[in-house]
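Structural description and commentary
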Amino acid sequence: MSVRLSGLPAGPPAAGTRGAGLLLGIDFGGTKMAVGVSDADGRLLAHRRVPTHAEQGAPQALARALALAGDLVGEVGGPLAAAGVASPGVVRPDGIDLAPNVPGWERLRLADAVRDALDVPRVAVDNDLNAAALAELRHGALRGVDPGLVVGIGTGVAAAVTVGGAVLPGHRGAAGEIGYAVAGGPWPGTMLELDFSGRALDRLAADLDVPGGTAGLAAAAEQPGVARDALAARVDEAARALVTCCLLLDPQRIVLVGGVTRSGLIRRMLVDRLTEALPHPPDVVRSDFADDAALYGALALARDTVPAAL
């Protein structure tokens, strides 16, 4: 297996003109929100990130994202043809399941809110890791790869499965919710996301009196000692879940996205554990647009709603 590092691309390549009109993408996360505007071919024209301020609840986060979206559309100029939204959890028309990191998120109707606030005729909403996987299939590290697995390690932890060039949603749209995987013991232990995610590692750093949250913990763990041992134990839990995913799916490639994957040490630890445990280890890479994969996916969702004749 190898770990590939490269910078964020300037934008997805064009794939055939779909007529006039801008596309809007919004990626909601537990720590940050990203908003982008592209032309009809998906070329990014403007984008901006703002903090979520999750502790202040869902309504303020949604309101600030929509205000930013309106500002960006106004700055770029031109009619808005469609919007795509990437959200944590399992998105339903009347709410969102399995999105605990922002209080009140489960009560949002994202498609209605975006449509009403921005007067946009077409709105598509999907899970953020599914959106990231769509971006990887269209423009990134999963082009020509089958099957594939996208693993997001940020505020929370989740995955998305791609088979036959499409994202696999699952029966209830909950495929890949590995943050709910059983970790630790005794049975039923705890949830993986409570042990290994950006928030979990931030808490671990605080418990060890290591400044700088996850990044500080990873830096301290470069040397042998308490920080390294504690981080290794958490990585072990994540690796167990990923080994099971790989044994079930036999992916050709795993693509890592999310802020925690910036740490070279954490990536190396995961790769070493998968290599040791799996009879057929997959290639492991970090996304070319690891921090914005879901945003590019949201733009792809928007583009897919626009008829080719328009």
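First, a word on scope: everything that follows refers to the structure included in this document. Along each chain, residue indices are assigned from 1 in the same order as the chain's sequence is written. Residues qualify for local features only when their pLDDT is at least 70, as the model is predicted, and side-chain atom pairs are given and counted only at 80 or more; totals for whole chains, interfaces and linings, by contrast, use all residues. The side-chain values count all of the structure's non-hydrogen atoms but skip hydrogen atoms and water molecules.

Let us look at the overall build of the chain. Put simply, DSSP marks the helices as runs of H or I at least four residues long and the strands as runs of E at least two long, and each gets a number from the N terminus on. Each helix and strand counted, the chain has nine helices and 14 strands in total. Its C-alpha atoms give the chain a radius of gyration of 19 Å, near enough to 19 Å, the size a compact globule of 310 residues would have. Based on the C-alpha atoms only, the size of the chain along its principal axes is roughly 55 × 40 × 35 Å. The rule is simple: take the accessible area with a 1.4 Å probe, protein chains only, and divide by the maximum for that residue type; under 20% is buried, over 50% is exposed, in between is partly exposed. Within the chain, the proportion of its 310 residues that are buried is 54%. Pairs of residues are marked as contacts when any of their non-hydrogen atoms sit within 4.5 Å. The contacts of the chain with a sequence gap of at least 6 include a subset with a gap of at least 24, amounting to 69%. Counting every atom, the chain has about 13100 Å² of accessible surface; 55% of that belongs to carbon and sulfur. For the chain, the distance from the average site of its 27 positive side-chain charges to the average site of its 34 negative ones is 3 Å. We take the radius of gyration over the C-alpha atoms and set the globule estimate at 2.2 Å times the residue count to the 0.38 power. Exposure was quantified through the Shrake-Rupley algorithm and a 1.4 Å probe, taking into account, for residues, occlusion by the shown protein chains and nothing else. All tallies of charge rest on Lys and Arg as positive and Asp and Glu as negative; His and the ends of each chain are not included. Taken as the charge location is NZ of Lys, CZ of Arg, CG of Asp or CD of Glu.

This brings us to the pattern of salt bridges. By definition, a salt bridge exists where a carboxyl oxygen of Asp or Glu is found within 4 Å of a side-chain nitrogen of Lys or Arg. Evaluation of the coordinates by the stated rule reveals 16 salt bridges. Two residues, Arg 49 and Asp 292, come together in a salt bridge whose shortest N-O distance is 2.5 Å. Within this pair, whereas Arg 49 is found in strand β3 (residues 44-51), its partner Asp 292 is found in the loop between β14 (283-286) and α9 (293-304), the two being separated by 243 residues in sequence. Among the residues examined, Arg 49 registers a relative accessible area of 41% and is labelled partly exposed. The class for Asp 292 is buried, based on a relative accessible area of 2%. Look at the salt bridges and you will find they share partners, linking Asp 39, Asp 41 and Arg 43 into a network.

The next subject is the sheet that holds strand β13 (residues 253-257). Strand pairing is defined by DSSP finding a minimum of two bridges between the two strands. Reading across from one edge, β10-β9-β8-β13-β14 is the order of the five strands in this open sheet, with mixed pairing throughout. A single partner strand is all that each edge strand has here, and the edge strands are β10 (166-168) and β14. With direction set aside, neighbouring strand axes in the sheet form an average angle of 30 degrees. Sheet topology note: the strand β8 (residues 148-153)/strand β9 (residues 157-163) ladder contains six bridges and is antiparallel. In the sheet register, Val 151 faces β9, and the bridge partner there is Ala 159. The sheet contacts of helix α7 (residues 226-249) involve β8, β9 and β13, and relative to β8 the element is tilted by about 165 degrees. Here, axes are lines fitted to C-alpha atoms. For helices the fit covers the stretch in contact, and angles between N-to-C directions go from 0 to 180 degrees.

As a further point, take the packing of helix α3 (residues 128-139) against α9. Two elements in contact, α3 and α9, have axes whose closest approach is 7 Å; the angle formed by their N-to-C orientations is 80 degrees. With respect to α9, the axis of α3 lies roughly perpendicular. Seen from α3, the contacting residues are Asp 128, Ala 131, Ala 132, Leu 134, Ala 135, Glu 136 and Arg 138; seen from α9, they are Ala 293, Ala 294, Tyr 296, Gly 297, Ala 298, Ala 300, Leu 301 and Asp 304. Should an angle lie under 35 degrees it is considered roughly parallel, over 145 roughly antiparallel, and from 65 to 115 roughly perpendicular; all remaining angles are considered oblique.

Helical periodicity: at 3.6 residues per turn, an α-helix aligns residues three or four positions apart in one direction. Expected span, for any helix, means 1.5 Å times one less than how many residues it has. Its 24 residues give α7 an end-to-end C-alpha distance of 35 Å, which sits within 8% of 34 Å, the value for a rise of 1.5 Å per residue. Of the residues flanking the end of α7, it is Asp 250, one or two places downstream, whose phi is positive at about 55 degrees.

The omega torsion of the bond from Asp 146 to Pro 147 falls at -10 degrees, within 30 degrees of zero and hence cis. Within the secondary structure, Pro 147 sits in the loop between α3 and β8. Backbone geometry places His 53, a non-glycine residue, at a positive phi of 55 degrees. Tracing the backbone through its elements, the reader meets His 53 in the loop between β3 and α1 (58-76). Residue class for His 53 comes out partly exposed when judged on its relative accessible area of 31%.

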